[in-house]
Amino acid sequence: MLHFLPAPLRGVLAAVSILLNTLVLFPALLLFALIKLVIPVVAIRKVCTRVLNRIAWLWIGFNNLLMDILHKVHWDVRGAENLDLKHWYFVTCNHQSWADIPAIQYVLNSRVPLLKFFLKKELIWVPLLGVAWWALDFPFMHRHTKEQIARRPELKGKDIAATQAACEKFRYTPVTVFNFMEGTRFTAAKHDSQNSPYKHLLKPKAGGTAFVLQAMGDMIHTMLDVTIVYPDSRANIWDYLCGRIGRIIIDIRTREIPPRFLGMDYDSNRETRADFQHWVSDIWAEKDARIDALKAS
């Protein structure tokens, strides 16, 4: 609708509008978060959780509508037909840009339960966002290093136990857990320094995914293997806000996670760890070939 405006102006309008959207919805989110914290009644907390998820859904929905108003993007979405809001999912995706997250939210919002990330416990102190993440039940990980466990053996297993306890609330409310397996955005420099065997991807880090499946293996059985491609250029978040990205391809492959990996002991069982890493490597090799095919199409 407003895609005739200069790109920098659209970028500023988008950034300011998202900020205003956040400031308008944050008080309501904080209110229900406080109610959920103060009143230890399970039924009330469940209602608060549904309301908080709805607020997040509205926030994402407004941002998506804003993109439609300001920009003219051709969305080429494949494999999203049979997704279900009442299903539990684990989602992973190749990571090229900070634009990946809003692009994936654009496609998956209203198709799957609200996307949630496993976060380092220190991130709870990030202004505004830390409170929002806590209110929305984003799991905060308690990971002890090998050195800490070596000094204090009683810490072994406590990190996964704490995370499992934090995820118990998801047993009754469908959730979509999101993780970038590469751990960081793709750049040519990172690709070369890793000596990555893939043409378009960095090496996947299996440990983070294994931690999710170990903590939530009895709840999550389905992976959405998402591949995102910007055919015209490599995009950054400012390009996304300015509407300089003309086409975005998002290919979704639904995979059933092998039962042997659900609730596995990744850290202590060497054979399980090697088996899981091999499974992840196969997925990544297939994804690398898929990116070539998507670009060619």
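Calculation criteria
Positions within a chain are numbered from 1, following the residues in the order the chain's sequence is written. Thresholds applied to this predicted model are a pLDDT of at least 70 for local features of residues and 80 or more for the giving and counting of side-chain atom pairs; totals over whole chains, interfaces and linings are not thresholded and use all residues. Side-chain metrics rest on all non-hydrogen atoms present in the structure, leaving aside hydrogens and water. Exposed residues in this analysis have more than 50% of their type's maximum accessible area, buried residues have under 20%, and partly exposed residues fall in between, with area computed by a 1.4 Å probe over protein chains only. Only DSSP runs of H or I with at least four residues qualify as helices, and only runs of E with at least two residues qualify as strands; both kinds are numbered from the N terminus onward. For two strands to be treated as a pair, DSSP must find at least two bridges joining them. A helix is expected to span 1.5 Å multiplied by its residue count minus one. For this analysis, residues touch if any pair of their heavy atoms sits within 4.5 Å. Here a patch means residues that are over 30% exposed by relative accessible area and free of salt bridges, tied together within 9 Å if like-charged and within 5 Å if nonpolar (Val, Leu, Ile, Met, Phe, Trp, Tyr). Residue exposure ignores everything except the shown protein chains as possible cover, and the areas themselves are Shrake-Rupley values with a 1.4 Å probe. What counts as a salt bridge is simple: a side-chain nitrogen of Lys or Arg found within 4 Å of a carboxyl oxygen of Asp or Glu. With a 1 Å grid spanning the protein atoms alone, the term cavity applies to any set of points in which a 1.4 Å probe fits but cannot get out, the term pocket to an open set with protein on both sides within 12 Å along at least five of seven lines, and the term lining residue to any residue with an atom within 4 Å of a point. Grid points are joined across faces, edges and corners, and a volume is the space filled by probe spheres set on the points. By the convention adopted, Pro, Cys, Tyr, Trp, Phe, Met, Ile, Leu, Val and Ala count as nonpolar, Lys, Arg, Asp and Glu as charged, and the other residues, Gly among them, as polar. Whether two aromatic rings pair depends on their centres lying within 6.5 Å, for rings of Phe, Tyr and Trp, where Trp uses its six-membered ring; planes under 30 degrees apart make the pair stacked, over 60 edge-to-face, and the rest tilted. Whether a charge lies above a ring is judged from NZ of Lys or CZ of Arg, which has to be within 6 Å of the ring centre and within 35 degrees of the ring normal. Under this scheme, a helix contributes an axis fitted over its contacting stretch, all axes are lines through C-alpha atoms, and angles between N-to-C directions fall in the 0 to 180 degree range. Every angle not falling under 35 degrees, over 145, or within 65 to 115 is termed oblique; those three ranges are roughly parallel, roughly antiparallel and roughly perpendicular. Two N or O atoms count as a polar contact when they lie within 3.5 Å, although within protein this holds only if one can serve as hydrogen donor and the other as acceptor, and sequence-adjacent residues are included solely when both atoms are side-chain atoms.

S.K.: Quick question: what am I supposed to make of the pairing of strand 7 (residues 222-229) here?
M.R.: Every other side chain in a regular strand lies on the same face of the sheet, so the side chains alternate between the two faces. For strand 7, a buried count of 8 out of 8 residues is recorded, marking the element as mostly surrounded by other parts of the structure. Neither face of strand 7 is exposed, since Thr222, Leu224, Val226 and Ile228 on one face and Met223, Asp225, Thr227 and Val229 on the opposite face are all buried. In this sheet, strand 7 lies alongside strand 2 (residues 89-93) in parallel orientation, the contact comprising 4 bridges. Of the residues in strand 7, the one forming a bridge with Cys93 is Val226. Note that strand 7 and strand 8 (residues 247-256) share 8 bridges and pair antiparallel. Each bridged residue has a counterpart across the sheet, and for Ile228 the counterpart in strand 8 is Ile250.

S.K.: How do you make sense of helix 2 (residues 42-70) when you look at a structure like this?
M.R.: At 3.6 residues per turn, the α-helix brings residues three or four places apart onto the same side. With 29 residues, helix 2 should cover 42 Å at 1.5 Å per step; its first-to-last C-alpha distance of 42 Å lies within 8% of that length. When helix 2 is considered as a whole, its buried residues turn out to be Cys48, Thr49, Leu52, Asn53, Ile55, Ala56, Ile60, Asn63, Asn64, Leu66, Met67 and Leu70.

S.K.: So what exactly am I meant to see when it comes to the side chain of Thr222 here?
M.R.: Mapped onto the elements, Thr222 comes out in strand 7. Excluding anything up to four places from it in sequence, Thr222 contacts His87, Trp88, Tyr89, Phe90, Thr254, Arg255, Glu256 and Ile257.

S.K.: Would you mind showing me how to read unusual backbone geometry here?
M.R.: Note: most peptide bonds trans; most residues except glycine with negative phi. Phi angles above zero are rare outside glycine, and Asp137 is one such case at about 65°. Tracing the chain through its elements places Asp137 in the loop between helix 4 (129-135) and strand 5 (140-141). Phi angles above zero are rare outside glycine, and Asn195 is one such case at about 55°. On the secondary structure map, Asn195 appears in the loop between helix 7 (188-194) and helix 8 (206-216). Since its relative accessible area comes to 63%, Asn195 is described here as exposed.

S.K.: Just checking my understanding: could you explain a nonpolar patch on the surface for this structure?
M.R.: A cluster of nonpolar side chains, contributed by Leu30, Leu34, Leu37, Val38, Ile39, Val41, Ile44, Val131 and Trp134, occupies part of the molecular surface with about 690 Å² of accessible area. Contributing elements (two or more residues each) for the nonpolar patch: helix 1 (7-38) and helix 4. Relative to the helices and strands, Ile44 is located in helix 2.

S.K.: Where do I start with empty space enclosed by the protein in this structure?
M.R.: A water-sized probe rolled over the atoms picks out the places where empty space is left. In total, this model carries 1 cavity of 30 Å³ or more according to the counting rule given. Forming the walls of the largest cavity are Met67, His71, Val73, Trp75, Tyr240, Gly243 and Ile245. Grouping the constituent residues of the lining of the largest cavity by class yields 5 nonpolar, 2 polar and no charged.

S.K.: So what exactly am I meant to see when it comes to the side chain of Asn63 here?
M.R.: For Asn63, the location among the structural elements is in helix 2. Excluding anything up to four places from it in sequence, Asn63 contacts Ile18 and Asn21.

S.K.: Could you clarify how one ought to interpret the packing of aromatic side chains in this entry?
M.R.: Two descriptors summarise a pair of aromatic rings, namely the distance from one centre to the other and the angle between the planes of the rings. A complete count under the given rule lists 8 aromatic pairs for this structure. Between the aromatic rings of Phe276 and Trp279, the centroid separation amounts to 5.7 Å while the plane-to-plane angle is 35°, which identifies the pairing as tilted. Of the two residues, Phe276 and Trp279 both sit in helix 10 (residues 270-296), 3 residues apart, roughly one turn of that helix. Take Phe276: its relative accessible area is 0%, and that puts it in the buried class. Ring pairs connect the aromatic residues Phe117, Phe138, Phe178 and Phe180, which therefore count as one cluster. A cation over a ring is seen here: Lys287 above Trp284, with NZ or CZ 5.3 Å from the ring centre.

S.K.: How should I be thinking about the packing of helix 1 against helix 2 in this particular structure?
M.R.: Packed helices, taken two at a time, are described by the angle between their axes plus the distance between the axes. For the pair helix 1 and helix 2, the least separation of the axes is 10 Å and the interaxial angle reads 175°. Our classification of the angle between helix 1 and helix 2 gives roughly antiparallel. Its residues assigned to classes, the contact of helix 1 with helix 2 shows 21 nonpolar, 5 polar and 3 charged.

S.K.: Just to check I follow, could you spell out the environment of Gln96 for this structure?
M.R.: Relative to the elements of secondary structure, Gln96 occurs in the loop between strand 2 and helix 3 (100-108). As for Gln96 and Thr272, which are separated by 176 residues in sequence, their C-alpha atoms are 30 Å apart. A polar side-chain atom of Gln96 sits 2.7 Å from the main-chain carbonyl oxygen of Ile228.

S.K.: What's the story with the pattern of salt bridges in this structure? I'm lost.
M.R.: It is possible for side chains of opposite charge to pair when their charged atoms get near one another. Applying the stated criterion across every chain yields a total of 14 salt bridges. Asp292 serves as the salt-bridge partner of Lys199, at 3.4 Å between the closest nitrogen and oxygen. Residue Lys199 is located in the loop between helix 7 and helix 8, and its partner Asp292 is located in helix 10; the two are separated by 93 residues in the primary sequence. Given the relative accessible area of 53%, Lys199 is considered exposed. Close ionic contact of Arg260 with Asp275 constitutes a salt bridge, the shortest N to O distance being 2.6 Å. Residue Arg260 is located in the loop between strand 8 and helix 10, and its partner Asp275 is located in helix 10; the two are separated by 15 residues in the primary sequence. Among the charged side chains, a network of salt bridges with common partners joins Asp225, Asp251, Arg253, Arg255, Glu286, Lys287 and Arg290.

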